[in-house]
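# Architecture at a glance
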Amino acid sequence: GSGGECYWNQCQLPERKAALIVDVVAGTPAAAAGLKTCDLITAIGQKAVKTPSEVQLAVEAAKVGEPLAVTIERDGESQTLEVNPAELPQSPKRN
């Protein structure tokens, strides 16, 4: 595995091809849209996603200020949430 097995176990989900949300930071567009820890992201817009890196690429490709449909699976049910991408605050550069 990829080291993510412990998260799947904590969420009591069978490991599968989807991106598991392990943390939602308060105040972010994801939190505002209603995404929760243990949600499975299965698609961003019209694009199916299977890994966290695919989710990140899809979100980075989205336009800031334009609503983005995020399809998730929660408690075995599929639903689509609308996320409004925002500029990320510039974090201090680390050496």
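Preceding this section is the structure that the text describes.
## What to know about the environment of Ala18
Relative to the elements of secondary structure, Ala18 occurs in the loop between α1 (5-10) and β1 (19-20). Along the chain, Ala18 and Ala48 lie 30 residues apart, while their C-alpha atoms are 8.7 Å from each other. Once residues within four sequence positions are removed from consideration, Ala18 is found in contact with Trp8, Leu40, Ile41, Thr42, Val49 and Lys50.

## Quick word on unusual backbone geometry
Positive phi, normally seen in glycine, also occurs at Gln12, with a value near 55°. The residue Cys38 is not glycine, and still its phi comes out positive at about 80°. Take Cys38: it is sitting in the loop between α2 (29-33) and β2 (40-44). Exposure remark for Cys38: the relative accessible area of 27% places this residue in the partly exposed category.

## So, the state of the cysteines
The tally for this structure, following the rule as stated, stands at one disulfide. Residue Cys11 pairs covalently with Cys38 via a disulfide, S to S 1.8 Å. On the sign convention where negative is left-handed, the bridge of Cys11 and Cys38, at about -75° about the S-S bond, is left-handed. With Cys11 in the loop between α1 and β1 and Cys38 in the loop between α2 and β2, this residue pair connects regions lying 27 residues apart in the sequence. Taking relative accessible area as the criterion, Cys11 reaches 14% and is therefore assigned buried.

## Quick word on the layout of surface pockets
By volume, the second largest pocket amounts to about 160 Å³. Lining of the second largest pocket is provided by 13 residues; of these, Leu13, Cys38, Arg74, Asp75 and Gly76 occupy positions nearest its centre. Residue classes in the lining of the second largest pocket are distributed as five nonpolar, two polar and six charged.

What counts as what
- Residues numbered from 1 in each chain as written.
- Predicted model: local features only at pLDDT ≥ 70, side-chain atom pairs only at ≥ 80, totals over all residues.
- Heavy atoms only, no water.
- Helix = DSSP H or I, 4+ residues; strand = E, 2+ residues; numbered from the N terminus.
- Contact = heavy atoms within 4.5 Å.
- Buried < 20%, exposed > 50% of the residue type's maximum accessible area, 1.4 Å probe, protein only.
- Disulfide = S-S within 2.5 Å.
- 1 Å grid on protein atoms, 1.4 Å probe; cavity = no way out; pocket = protein on both sides within 12 Å on 5 of 7 lines; lining within 4 Å.
- Points joined across faces, edges and corners; volume = space filled by probe spheres on them.
- Nonpolar A, V, L, I, M, F, W, Y, C, P; charged D, E, K, R; others polar.

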